[in-house]
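Survey of secondary and tertiary structure
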Amino acid sequence: MPKHSRTLPILASVLTLAGAALLAIQFLPADAPSAEGAPQAKSAICRDLAEGYPDKIGGHEKTATSPGAAVYGDNVITLRCGLPEMLPTTDMCVTVNGVDWVLKNSGQGEGDKTITTFGRKPAAEAVIDPEVPSDVALVELAAAVKNLPRNGHKCIDQDDAARPSPTGSTHHTP
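Residues numbered from 1 in each chain as written. Predicted model: local features only at pLDDT ≥ 70, side-chain atom pairs only at ≥ 80, totals over all residues. Heavy atoms only, no water.

1. Regarding the confidence of the model for the chain
- On average, residues of the chain carry a pLDDT of 77, and 66% of them reach 70 or more.
- Considering only residues more than four positions removed or in separate chains, one finds that residues 8–34, a stretch of pLDDT under 50, has 48 contacts.
- Low confidence marks residues 162–174, where pLDDT is under 50. Its contacts with residues over four positions away, or in another chain, come to 22 contacts. (pLDDT = per-residue confidence, 0-100. Contact = heavy atoms within 4.5 Å.)

What follows is the structure, encoded as structure tokens:
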């Protein structure tokens, strides 16, 4: 079978999963935004990262900053660096432009979406107003945090989750 014949179905599957994940985060509620710095916000890593935060995300101008944090628009998007690295979780995890994000469901009904980097130390978190298109915000947020050091963990795909590990157990969490 020619190589390109195998690539197209794989690419179609990846794009379908990415589209479904982006649609899913449109409906995930989250905690209220906070412009307060995270515990490690004043670290050199977060200071350097925050200096490179974009002037605009999702079409919203950066309106406020604090150590390691930035607010866009009228609290439409809040981005902050310096949270503890995430432990494996059963929450939805998606990869956008090489950055893994865990989507948090606060169970509080409709509201903002909270996404946290997975596999990065320290972690970064973004709280996004439900009116902001998540696909655009995720691409721009991924570019803003891609330089956070990786810790070796990453999202797993559904094929990996069902595949037995070398010890014979099945993977259930990222």
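2. Looking at the pairing of strand 8 (residues 123–128)
- For strand 8, a buried count of 6 out of 6 residues is recorded, marking the element as mostly surrounded by other parts of the structure.
- Residues of strand 8 alternate between two faces, with Ala123, Glu125 and Val127 on one and Ala124, Ala126 and Ile128 on the opposite face, all of them buried.
- Pairing analysis gives 6 bridges linking strand 4 (residues 77–83) to strand 8, with the strands arranged antiparallel. Each bridged residue has a counterpart across the sheet, and for Thr78 the counterpart in strand 8 is Val127.
- Both strand 7 (residues 113–118) and strand 8 contribute to a ladder of 4 bridges, which runs antiparallel. (Buried < 20%, exposed > 50% of the residue type's maximum accessible area, 1.4 Å probe, protein only. Helix = DSSP H or I, 4+ residues; strand = E, 2+ residues; numbered from the N terminus. Pairing = 2+ DSSP bridges.)

3. Notes on the state of the cysteines
- A complete count under the given rule lists 2 disulfides for this structure.
- One disulfide in the model links Cys46 with Cys81; its S-S distance is 2.0 Å. Residues Cys46 and Cys81 are joined through a disulfide that is left-handed, its torsion about the S-S bond being -70°. In this pair, Cys46 is assigned in helix 2 (residues 44–51) and Cys81 in strand 4, connecting sequence segments 35 residues apart.
- By relative accessible area, which is 0% here, Cys46 ends up buried.
- Linked covalently through their sulfurs, Cys93 and Cys155 form a disulfide whose S-S length is 1.8 Å. On the sign convention where negative means left-handed, the S-S torsion of about -65° between Cys93 and Cys155 marks this disulfide as left-handed. Of this pair, Cys93 sits in strand 5 (residues 93–96) while Cys155 is found in the loop between helix 3 (134–145) and helix 4 (158–162), placing the two residues 62 residues apart along the sequence.
- Taking relative accessible area as the criterion, Cys93 reaches 18% and is therefore assigned buried.
- When its relative accessible area of 11% is taken as the criterion, Cys155 is described as buried. (Disulfide = S-S within 2.5 Å.)

4. A closer look at the nonpolar core
- Membership of the largest hydrophobic core comes to 28 residues, with the highest contact counts inside it found for Tyr53, Leu79, Trp101, Ile115, Ile128, Leu141 and Val145.
- Breaking this core down by element, the ones donating at least two residues are helix 2, strand 3 (69–72), strand 4, strand 5, strand 6 (99–104), strand 8 and helix 3.
- Counting residues per element, this core draws most heavily on helix 3, which supplies 6 residues.
- With 5 residues, the next largest nonpolar core counts Met86, Cys93, Phe118 and Cys155 among its residues. (Core = buried A, V, L, I, M, F, W, Y, C linked by side-chain atoms within 4.5 Å.)

5. Regarding the side chain of Glu125
- Positionally, Glu125 belongs in strand 8.
- At a separation of 3.5 Å, a polar atom in the side chain of Glu125 contacts the side chain of Lys104.
- Setting aside residues no more than four positions away along its own chain, Glu125 makes contact with Thr78, Leu79, Arg80, Leu83, Lys104, Thr114, Ile115 and Thr116. (Polar contact = N/O pair within 3.5 Å; in protein donor to acceptor, adjacent residues only side chain to side chain.)

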